[in-house]
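A closer look at the structure
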Amino acid sequence: MASGVDVMERVEAPAGSDGRPRRRWLVPLLLVLGWLLGVVWRMWLARHIALPIAHTDEDSYLNTARALAGGPGGFSSENVALRRVGYPMLISPAFLGERDFTESYQLVRLINAMVNAALLPLAYLLGRRLLNLGRPAALLAAAVAATLPATAFYATVAMIDTLMAPLVVAWLLAVHRLLRQPGPRAAATVGALVGAFHLLHSRGVVIVAVHVGLVLLLLVRRRVDRRTAVAAMLPVVALALLNEAVIRLLGDKVYLLGNNPGGGTLRAVASGAGLVNLGAAVGTQLWYLVVITFGTAGVAWAAAVRELRRPRGGDASRWTMGVALVTSVGVAAGASVILAGVTEKAPDAIYGRYVQMLAPFWLLVGLGVLLTAEYRTVLRRAAVAVAVLVVGGGMIAARLAYAESSGHLLRYGGFSAPDLMALTGGWREMRPVVGSLVGIGALVLLVAAVRVPRLRLPVLGALVVVNILTMQVIEQRLVRTMVARTAPTPALADLAVRPGERVWASSGVNYIYRFNLSHQVTWADVRWFDETPPATAEVVLVAWKPGTPGDWHGERYGFVRLGGNPTQQWAAWRRR
């Protein structure tokens, strides 16, 4: 039995068995072309975005990246405990040299697209090595994973999530290799990828914990020796130290606005009601993964649990699936605990951003089961997925109804789950029943298609088309709306604000316009004031609300108005 989960042995024809030589160059060529096409597609999706739309996350990363490139600093919404500098380090080259912000921002998206599109070759390798898929099926399954909106969407903005899905697949591939061929080199590779998670985001804490547990278990069971265990841990420690060193190097160029997690986080989950809310949040995120993967994540989980109980694919597959399962629950739970501690805002109806990085992996595993397992096995695994969708959809609908009847508001926004919005048409409210029906319908079609071998590859191609169309809907309905709502007009350059001028911004300006105006001041860190501008200010960005008490009158401070936008309620003034 080859390594895999619920799969049958695959026997490929030997080279030249059909009278033609095997074209070894064809698959690498297709992967390179697919990666290039993926980069172009992602850049095309971002063509309307000239300024950040995901505040304050984008602002924090961009300000830090600019400071790392030697430019002025700025604020970050992070806190001391969860601060990470890996993503700003990656995109900091975009801020080298004399460029205006839009050029640097476009370079950031290019870096994003290049890394994010690398999911295609990584997914192909996973399909071949872990799931035992043939080349055509592995290529098409990889294309489905690489075009998932849960992954591709974040390549269009300056957010760390653009890196996470490729990193998850690379890490689990490396784990599988370590389990099959233990040694210091394989262990160091796994450790470096785990360290990268820690360097990138607080989600890396869960990955590090899983990694430490895996290494200790392998050591106790004598699957690895001490030298290999040390090789697995050293890169994690080194990258954690690198994070701290870069933070110290930045000093106070980047100032933090976030509060450290405290007692409020524990109090939010330490009661019976808190535990119920935590369980509901975790369940909602897992249900979401099943919906956006067309039900295949549920199929994959059923197969993975079966593999843990009665391994058929070998120890390497068993342990890899165990690692993936623990990570999925851990990330969902960790995110829910952290968000529960944010008591100044209403709780989320769903916040799928943290678990989205796991969607391509579970999609691939689920497709592997559907394409290679015996049909009775496929039906059993699909039944589990349907049960998850039915129970999950009912639970979420009940939670939303209870919250509404109690007069509580559950947040639901564009970055909570954009793909779920597009698939269910739920642009203003979450529609869990529709989501469950979408997942069930898609899974039924997949199960029916794999019954007919000649339909298997076409149905994978159809999923790619569905993903592309979903992204098009997201781009038109969500992204363009956000761009229109967040782009200040006119630009500061059109108001003759000149490089070198000392610019301050009033806290009376809506924070979205204030931040996007500040990004255009590439030569300095734009600080904030309340009512009276500091004596050093040469240009100020203030509220323009004609006929209201909030309108700022610059004449009394010796300023003359350059222009602005009363509809967006901001103006630029220069000192006489």
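Here we summarise the structure given alongside this text. (Residues numbered from 1 in each chain as written. Predicted model: local features only at pLDDT ≥ 70, side-chain atom pairs only at ≥ 80, totals over all residues. Heavy atoms only, no water.)

Glancing now at the overall build of the protein chain. A count of helices and strands for the protein chain gives 21 helices and seven strands. Its C-alpha atoms give the protein chain a radius of gyration of 25 Å, within 12% of the compact-globule value 25 Å for 576 residues. Oriented by its inertia axes, the alpha-carbon framework of the protein chain measures out at about 85 × 55 × 50 Å. Considering the protein chain as a whole, with its 576 residues, one finds that 53% of them fall into the buried category. Intrachain contacts of the protein chain at a sequence separation of at least 6 include 77% that bridge at least 24 residues. When the accessible area of the protein chain is evaluated, it comes to approximately 24,700 Å², of which 61% is carbon and sulfur surface. Here the protein chain holds 57 positive side-chain charges and 32 negative ones, and the gap between their average locations is 10 Å. (Helix = DSSP H or I, 4+ residues; strand = E, 2+ residues; numbered from the N terminus. Rg over C-alpha atoms; globule rule 2.2 N^0.38 Å. Buried < 20%, exposed > 50% of the residue type's maximum accessible area, 1.4 Å probe, protein only. Contact = heavy atoms within 4.5 Å. Areas by Shrake-Rupley, 256 points an atom, 1.4 Å probe, with all protein chains shown as cover. Lys, Arg positive; Asp, Glu negative; His and termini not counted. Charge placed at Lys NZ, Arg CZ, Asp CG, Glu CD.)

The first and last C-alpha atoms of helix α13 (residues 272-292) sit 31 Å apart over 21 residues, in line with the 30 Å expected at 1.5 Å per residue. Looking one or two residues beyond α13, the residue adopting positive phi is Phe 294, at roughly 60°. (Expected span 1.5 Å × (residues − 1).)

Another point: empty space enclosed by the protein. Tallied over the entire structure, the rule returns four cavities of 30 Å³ or more. Of the pockets and cavities examined, the largest cavity occupies roughly 120 Å³. Along its surface, the largest cavity is lined by Asp 59, Asn 63, Arg 66, Gly 74, Phe 75, Tyr 255, Phe 515, Ser 518, His 519, Asp 525, Val 526 and Trp 528. Those elements that provide at least two residues to the lining of the largest cavity are α2 (57-68), β1 (74-76) and α21 (511-519). Across the lining of the largest cavity, the residue classes break down as five nonpolar, four polar and three charged. (1 Å grid on protein atoms, 1.4 Å probe; cavity = no way out; pocket = protein on both sides within 12 Å on 5 of 7 lines; lining within 4 Å. Points joined across faces, edges and corners; volume = space filled by probe spheres on them. Nonpolar A, V, L, I, M, F, W, Y, C, P; charged D, E, K, R; others polar.)

Since there are 3.6 residues in each turn of an α-helix, residues three or four apart along the chain are aligned in direction. For helix α16 (residues 359-372), which comprises 14 residues, the first-to-last C-alpha distance of 20 Å matches the rise-based estimate of 20 Å (1.5 Å per residue) to within 8%. Burial analysis of α16 places 14 of its 14 residues in the buried class, the great majority of the element.

Turning our attention to the side chain of Ser 76. By the secondary structure assignment, Ser 76 is in strand β1. Using a relative accessible area of 0% as the deciding quantity, one classes Ser 76 as buried. Setting aside its immediate chain neighbours within four residues, Ser 76 contacts Ser 60, Thr 64, Val 254, Tyr 255, Leu 256, Leu 257 and Gly 258.

Moving on, we come to the pattern of salt bridges. Under the criterion given, the structure shown has eleven salt bridges. For Glu 475, the salt bridge identified is with Arg 47, shortest N-O distance 4.0 Å. Remark: Arg 47 occurs in the loop between α1 (26-45) and α2 and Glu 475 occurs in helix α20 (residues 453-486); sequence separation between them is 428 residues. Note on Glu 475: relative accessible area 1%, which makes it buried. Its relative accessible area of 35% is what places Arg 47 among the partly exposed residues. (Salt bridge = Lys/Arg side-chain N within 4 Å of Asp/Glu carboxyl O.)

Before going further, it helps to spend a moment on the packing of helix α9 (residues 184-200) against helix α11 (residues 226-250). At a minimum axis distance of 7 Å, the contact between α9 and α11 shows a crossing angle of 25°. With respect to α11, the element α9 is oriented roughly parallel. Handedness of the α9/α11 crossing: right-handed. Of α11, the residues touching α9 (which contributes Pro 184, Ala 187, Ala 188, Gly 191, Ala 192, Val 194, Gly 195, Ala 196, His 198 and Leu 199) are Arg 227, Thr 228, Ala 231, Ala 232, Pro 235, Val 236, Leu 239, Ala 240, Leu 242 and Asn 243. Within the contact of α9 with α11, the residues separate by chemical class into 14 nonpolar, five polar and one charged. (Axes fitted to C-alpha atoms, helices over the stretch in contact; angles between N-to-C directions. Parallel < 35°, antiparallel > 145°, perpendicular 65-115°, else oblique. Left-handed = near helix turned anticlockwise from the far one by under 90°.)

Turning our attention to the sheet that holds strand β4 (residues 527-529). Hydrogen bonding along the main chain pairs the strands of a sheet, whether they run parallel or antiparallel. On the basis of which strands lie adjacent, the open sheet formed by five strands has the order β4-β3-β5-β7-β6 and mixed pairing. The open sheet is flanked by β4 and β6 (559-565), the only strands paired with a single partner. When strand polarity is set aside, the average angle formed by the axes of neighbouring strands in this sheet is 30°. (Pairing = 2+ DSSP bridges.)

What follows concerns the packing of aromatic side chains. Counting across every chain of the model gives 16 aromatic pairs. Between Phe 153 and Tyr 154, the ring centres sit 5.1 Å apart and the planes meet at 80°, which makes this aromatic pair edge-to-face. Of the two residues, Phe 153 and Tyr 154, both sit in the buried class. One aromatic cluster in this structure is built from Phe 75, Tyr 511, Phe 515 and Trp 528. For Arg 109, the ring lying beneath its charged end belongs to Tyr 105, and the centroid distance is 4.3 Å. The positively charged end of Arg 451 is found above the aromatic ring belonging to Tyr 375, 4.4 Å away from the centroid. (Phe/Tyr/Trp six-rings, centres within 6.5 Å; stacked < 30°, edge-to-face > 60°. Lys NZ or Arg CZ within 6 Å of the ring centre and 35° of its normal.)

Time to look at the nonpolar core. With 151 residues, the main nonpolar core has Tyr 87, Trp 171, Phe 361, Trp 362 and Leu 370 as its most contacted residues. When residues in this core are grouped by element, the largest group, 13 residues, is from helix α8 (residues 161-180). Non-local contacts of Trp 362, meaning those with residues more than four positions away in its chain, are made with Thr 296, Ala 297, Ala 300, Trp 301, Ala 304, Met 321, Ala 324, Leu 325 and Ser 328. Tyr 513, Val 521, Trp 570 and Ala 572 belong to the second-largest nonpolar core, a separate cluster that totals 14 residues. (Core = buried A, V, L, I, M, F, W, Y, C linked by side-chain atoms within 4.5 Å.)

This paragraph deals with the packing of helix α10 (residues 204-220) against helix α15 (residues 315-340). In the contact formed by α10 and α15, the axes pass within 10 Å of each other and the chain directions differ by 150°. Between α10 and α15, the interaxial angle falls into the category roughly antiparallel. For the crossing formed where α10 meets α15, the hand is right-handed. Contacts between α10 and α15 involve Val 206, Ile 207, Val 210, Leu 214, Leu 217 and Leu 218 from the former and Trp 319, Val 323, Val 326, Thr 327, Gly 330 and Val 331 from the latter.

Thr 56 follows His 55 through a cis peptide bond whose omega is 10°. Examined against the element boundaries, Thr 56 turns out to sit in the loop between α1 and α2. Residues Thr 489 and Pro 490 are joined by a peptide bond in cis, for which omega reads 0°. Mapped onto the secondary structure, Pro 490 falls in the loop between α20 and β3 (503-506). Even without a glycine there, the phi angle at Ala 496 is positive, about 65°. Mapped onto the elements of the fold, Ala 496 is located in the loop between α20 and β3. Residue Ala 496 is classed as partly exposed on the basis of its relative accessible area, which comes to 39%.

One can find Arg 454 in helix α20. The class for Arg 454 is exposed, based on a relative accessible area of 71%. The spacing of Arg 454 and Ile 111 is 343 residues in sequence and 38 Å in space, taken between C-alpha atoms.

The subject of this paragraph is a nonpolar patch on the surface. Together, Trp 25, Leu 26, Leu 29, Leu 30, Val 32, Leu 33 and Leu 36 make up a nonpolar patch on the protein surface, roughly 630 Å² of accessible area in all. Looking at the secondary structure, you find Leu 30 in helix α1. (Patch = residues over 30% accessible without salt bridge, like charges linked within 9 Å, V, L, I, M, F, W, Y side chains within 5 Å.)

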